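Working through the structure, step by step
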Amino acid sequence: MSLGTTDKAAGGRLSQFLDSPVIGMSPWIAMSVIVGPGRFELAVAIALALAVALVIVGRIRRPGSSFKILEIADVVFFAVMAIIGIFASPGAYRWLENYAGEVANIALMAIALGSMACRVPFTLQYAREQVPREYWNEPRFLRTNYYITGAWGAAFAVAAIAGAYGDLVLHNSNNLWTGWIIQIGAIIAALQFTEWYPDVVRARSLRERNLPGPPEPPVSDFLIPLAGYLTPVGILVLAFGAGPVWLGVVLIVLGVVLAKSLSRTEEAEPDASG
């Protein structure tokens, strides 16, 4: 492969990433992961900077293009959070430090459900930039975006519930399980589903029309990153004493075994189909 081809391929991957709904959710992911006692200002500043940068980059890449639902929601929500933080009383500011993560998670869940209720799931605007116009109104295309938007709504609902449990029940915003492991795991699942499911739908569509194309990606493609996540979770459990030693060891071993088993399954399926 020539250097020019490599640069072109790299540019194509970058363009595909910038057109993904994942990029629009990066401010919310940053807020969800970073925010906590003593980190409210940092989390909001990073999230707002990302939101504004995404709007600017989007207009530079596609001059005259319309604003996306998620872009507008990003800027408005985090700008409001920043303003509230500036003028909040000490008591209100402490409340924000403890609960801003849950507020952000619930807000994105509401945006996901609201966009679906309005029949414009927010991932649809990103998907249309990667698909020819003649496919925009196909039921399969629309259904795929409902599923992906719903997956993100579910992920942030899980994150909100986990964070609320840590804050309200455990009274510990920095609890390793509720503040980090569960929330990050939910985001990883949504990220992986966003990458995996469109390829499944595309492969099925080509197969139904008897057209050539890559095979349908197996479920193991979706599960491998989730299985792999168990190993670092086990290491964290051991390092921070977030559970009994046996639990950390079991998670490490289970993550390694499942990842290897799923990888072997993934390698065997193309051979079987061939």
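For the structure, see preceding data.
Analysis parameters
Residues numbered from 1 in each chain as written. Predicted model: local features only at pLDDT ≥ 70, side-chain atom pairs only at ≥ 80, totals over all residues. Heavy atoms only, no water. 1 Å grid on protein atoms, 1.4 Å probe; cavity = no way out; pocket = protein on both sides within 12 Å on 5 of 7 lines; lining within 4 Å. Points joined across faces, edges and corners; volume = space filled by probe spheres on them. Helix = DSSP H or I, 4+ residues; strand = E, 2+ residues; numbered from the N terminus. Buried < 20%, exposed > 50% of the residue type's maximum accessible area, 1.4 Å probe, protein only. Expected span 1.5 Å × (residues − 1). Core = buried A, V, L, I, M, F, W, Y, C linked by side-chain atoms within 4.5 Å. Contact = heavy atoms within 4.5 Å. Phe/Tyr/Trp six-rings, centres within 6.5 Å; stacked < 30°, edge-to-face > 60°. Lys NZ or Arg CZ within 6 Å of the ring centre and 35° of its normal.

Our focus in this paragraph is empty space enclosed by the protein. Going through the model one piece at a time under the given rule, you end up with one cavity of 30 Å³ or more. Computed from the structure, the largest cavity encloses a volume of approximately 170 Å³. Elements represented by at least two residues in the lining of the largest cavity include exactly helix 2 (21-34), helix 5 (90-117), helix 7 (139-169) and helix 8 (176-208). Here the lining of the largest cavity gets seven residues from one element, more than from any other, and that element is helix 5.

Time to look at the environment of F141. Along the chain, F141 falls in helix 7. Judged by its relative accessible area of 12%, F141 falls in the buried class. Along the primary structure F141 and L124 are separated by 17 residues, whereas in three dimensions their C-alpha atoms are 8.7 Å apart.

What follows concerns helix 9 (residues 219-240). Over its 22 residues, helix 9 extends 33 Å from the first C-alpha to the last, a length consistent with the 32 Å expected when each residue adds 1.5 Å. Within the sequence span of helix 9, burial applies to S220, F222, A227, Y229, T231, V233, G234 and V237. After helix 9 finishes, the residue G241 shows a positive phi value of roughly 60°.

A few words now on the nonpolar core. W28, M31, F40 and W152 are the most contacted members of the largest nonpolar core, which totals 43 residues. Elements with a minimum of two residues in this core: helix 2, helix 3 (40-61), helix 4 (69-87), helix 5, helix 7 and helix 8. Those residues in contact with F40 that lie beyond four places of it in its chain are M31, V35, M81, G85, Y93, L96, E97 and A100. Counting residues in hydrophobic clusters, the runner-up holds six residues, among them L176, V233, V237 and L251.

With that out of the way, let us pick up the packing of aromatic side chains. Applying the stated rule across the entire model yields twelve aromatic pairs. By way of ring pairs, the aromatic residues Y147, F193, W196, Y197 and F222 are connected into one cluster. Here K68 stacks its cationic end above the ring of Y126, 5.0 Å away from the centre of that ring.

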